[in-house]
Amino acid sequence: MEFTKEDFGEDFKWGVSTAAYQIEGAHNSHGKGLSIWDVFSQKRRAIANNHNGNTACDFYNRYSEDILLLHKLNIPNYRFSISWSRILPHGTGAINSKGVDFYNHVIDLCLELNIEPWITLYHWDLPHELEQKGGWTNREVIHWFSYFVDCCIRQFGDRVKHWMILNEPMVFTGAGYFLGVHAPGKKGLSNFLAAAHHAALCQAEGGRIIRSVRNDCKIGTTFSYSHIEPKNNTDKNVAAAIKVDALLNRMFIEPLLGMGYPDKELAILKRMERFMQPGDEGKLAFDMDFVGLQNYTREIVGYAPFMPFVKAKIIKADKRKVERTLMNWEIYPPSIYHALKRWNEYPGVKEIVVTENGAAFSDELVNENVQDVDRVNFLQDHIEQVLKAKKEGVEVSGYFVWTFLDNFEWAEGFHPRFGLVHVDFETQKRIVKASGNWYREFIKQSLLKEIPDALP
Ligand code: FCB
């Protein structure tokens, strides 16, 4: 390894990220209401192997030992999400005090152990009762979401100083309301455009609410980003790549920055007008303190005349004979560098935090050991690209590994393991992988400097 943690400076934030539905389990305990993922995962064949997150990593019952493990791994920043229906079982109205207690315990234990809690307000688990009223396609969601944000900031804002409004709106609206492969399983362009516009309004509105209640919090929101290239330089392929880039990489960040939807490059977004009301354009914008970058791969795009709406298709990694992860995502570390450079050029972006980066590999548990060398290499190679961007002046201030524990990977179930820590889902036993030990040592470097082994 050519670099050390010191190269990033003392203030750089190192962490790990998780999400409520992927780890908590206890899906109907202590007054929690059902979420769209609780319902979707019960449908036959919705999830690979018919898995569901009813128990997942049982973090709800094991949070103390897991947070202690974070501490043992020297991890100073922990990003997790709040399950909306654990706090508000009906999505709105009465608060479930047991749900609030749970997050209070998590937050307090983190702080006691010197671990900074970072909260994502929405990581895809809408309360089911709200979905029955149309979910993200119903404009009322702005009121429902505002109420939820207001509750959270009032309950936890005295201790939690880093907030992210949404997790990857492109993915939860695209997979959940256009393709129907994620909860709630809706399909079609109208559902997608309505959900997307309301999510874009909510990401800004959530920021305004937090700022109006407290002035001592850093507010951000997160976006997926994959560097995109045409399969070759013919005009048609280049045009296809520009459209896919507008859809996957620009559609949510640009309205937030006051630039509107990228409908010049992607004409289909003009149809968003059906869902816009007077004044919406201004309401889409909010001055975030930071933006969260979530990067896993790059995409290669080709012209596809029969593909509806975009006339473009993504050429999967296995069709290109490139190195890839278990998700069939190409391993391409420069993607994160390109993302950072490009975002840094947006005048409205003040600070970037890499809020997710990581990989699933076919980890093997041998004699209570997981030698996940490929994950260590993946992380090192990506962190090196982050450093390259930082050295070139990009305002990147943190890096969070996806993820702490092997967990429920949405439509893929438990098969792809992304964790620094192996989880046996039968016994709930945790085993730190080689990558977890590597990250612990990497993070320790500067601590060692501050606290010498032998005092004079
Ligand atoms: C991201 C999600 C996260 C996880 C990783 C692999 O898109 O935010 O929950 O599933 O992908």
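In every chain, residue numbers begin from 1 and rise along the written sequence. A pLDDT threshold of at least 70 governs which residues receive local features in this predicted model, and a stricter bar of 80 or more applies before side-chain atom pairs are shown or counted, although totals over entire chains, interfaces and linings include all residues. Side-chain descriptors were evaluated using all non-hydrogen atoms of the structure, hydrogens and water having been removed beforehand.

Asker: Can you help me understand the pattern of salt bridges in this one?
Answerer: Should the charged atoms of two oppositely charged side chains come close, the side chains can pair. For this analysis, a salt bridge means a side-chain nitrogen from Lys or Arg found within 4 Å of a carboxyl oxygen belonging to Asp or Glu. By the definition in use, this model includes 32 salt bridges. One salt bridge connects Arg 342 with Asp 245, and the closest N-O pair in it is separated by 2.7 Å. Placement of the pair is Arg 342 in helix α13 (residues 334-345) and Asp 245 in helix α10 (residues 235-250), with a sequence separation of 97 residues. We call a residue buried when its accessible area falls under 20% of the maximum for its residue type, exposed when it is over 50%, and partly exposed in between, using a 1.4 Å probe and counting protein chains only. According to the relative accessible area criterion, Arg 342 is partly exposed, its value standing at 29%. What makes Asp 245 buried here is its relative accessible area of 11%. Taken together, the salt bridges that share partners define one network made up of Asp 363, Asp 372, Arg 375, Asp 406, Arg 417 and Lys 433. Numbering of helices and strands starts at the N terminus; helices are DSSP runs of H or I of at least 4 residues and strands are runs of E of at least 2.

Asker: When you look at the nonpolar core in this model, what are you seeing that I'm missing?
Answerer: The tendency in soluble globular proteins is for nonpolar side chains to be buried side by side. Counting 139 residues, the largest nonpolar core has Trp 136, Phe 156 and Tyr 439 as its most contacted members. Counting residues per element, this core draws most heavily on helix α9 (residues 189-213), which supplies 13 residues. We call a set of buried residues a nonpolar core when its members are Ala, Val, Leu, Ile, Met, Phe, Trp, Tyr or Cys and they connect through side-chain atoms within 4.5 Å of each other.

Asker: Explain the sheet that holds strand β1 (residues 13-17) here, please?
Answerer: In this analysis, strands are considered paired if DSSP registers two or more bridges between them. Taken in spatial order, the eight strands close into a barrel running β1-β2-β3-β4-β5-β7-β10-β13, and their pairing is parallel. Within the sheet, the average angular offset between the axes of one strand and its neighbour, ignoring direction, is 25°. Sheet topology note: the strand β7 (residues 290-294)/strand β10 (residues 352-356) ladder contains four bridges and is parallel. Residue pairing in the sheet places Gln 294 in a bridge with Glu 356 of β10. The sheet contacts of helix α8 (residues 169-177) involve β3 (116-122), β4 (162-166) and β5 (218-224), and relative to β5 the element is tilted by about 45°. Every axis corresponds to a line fitted to the C-alpha atoms, with the helix fit spanning only the stretch in contact, and the corresponding angles, defined between N-to-C directions, vary from 0 to 180 degrees. By definition, residues are in contact when any of their heavy atoms lie within 4.5 Å.

Asker: How should I be thinking about helix α7 (residues 141-156) in this particular structure?
Answerer: Every α-helix carries 3.6 residues per turn, so stepping three or four residues along brings you back to the same face. For α7, built from 16 residues, the straight-helix expectation of 22 Å at 1.5 Å per residue is met to within 8% by its first-to-last C-alpha distance of 22 Å. Within α7, the full set of buried residues consists of Val 141, Ile 142, Trp 144, Phe 145, Ser 146, Phe 148, Val 149, Cys 151, Cys 152, Ile 153 and Phe 156. Close packing links the buried residues of α7 with α4 (84-87), α5 (97-112), β3, α6 (128-131), β4 and α9. In this scheme, a helix's expected span is set at 1.5 Å multiplied by one less than its residue total.

Asker: Just to check I follow, could you spell out the environment of Ile 336 for this structure?
Answerer: Inspection of the secondary structure puts Ile 336 in helix α13. We classify Ile 336 as buried; its relative accessible area is 0%. Placed 318 residues apart in sequence, Ile 336 and Thr 18 show a C-alpha to C-alpha distance of 20 Å. Setting aside residues up to four positions removed in sequence, Ile 336 forms contacts with Leu 293, Asn 295, Val 354, Asn 357, His 382, Gln 385 and Val 386.

Asker: What is the right way to read the site of the ligand from this model?
Answerer: As a structural note, the neighbourhood of the ligand is formed by Gln 22, His 123, Trp 124, Asn 167, Glu 168, Gln 294, Tyr 296, Glu 356, Trp 402, Glu 409, Trp 410 and Phe 418. Here Gln 22 contributes a side-chain N or O atom positioned 2.8 Å from an oxygen atom of the ligand. In the model, an oxygen atom of the ligand is placed 2.9 Å from a nitrogen or oxygen of the Trp 410 side chain. For the ligand, whose free accessible area comes to 290 Å², the fraction covered by protein is 95%. Ten residues, namely Ala, Val, Leu, Ile, Met, Phe, Trp, Tyr, Cys and Pro, are considered nonpolar, four, namely Asp, Glu, Lys and Arg, are considered charged, and the remaining ones, Gly among them, are considered polar. Class assignment for the residues of the shell around the ligand results in five nonpolar, four polar and three charged. One heavy atom suffices: a residue is near a molecule or strand as soon as one of its heavy atoms comes within 4 Å of it. Polar contacts here mean pairs of N or O atoms no more than 3.5 Å apart (in protein, one a potential hydrogen donor and the other a potential acceptor; neighbouring residues in sequence count only if both atoms are side-chain atoms). Using a 1.4 Å probe, accessible areas were evaluated by the Shrake-Rupley method; residue-level cover was limited to the displayed protein chains.

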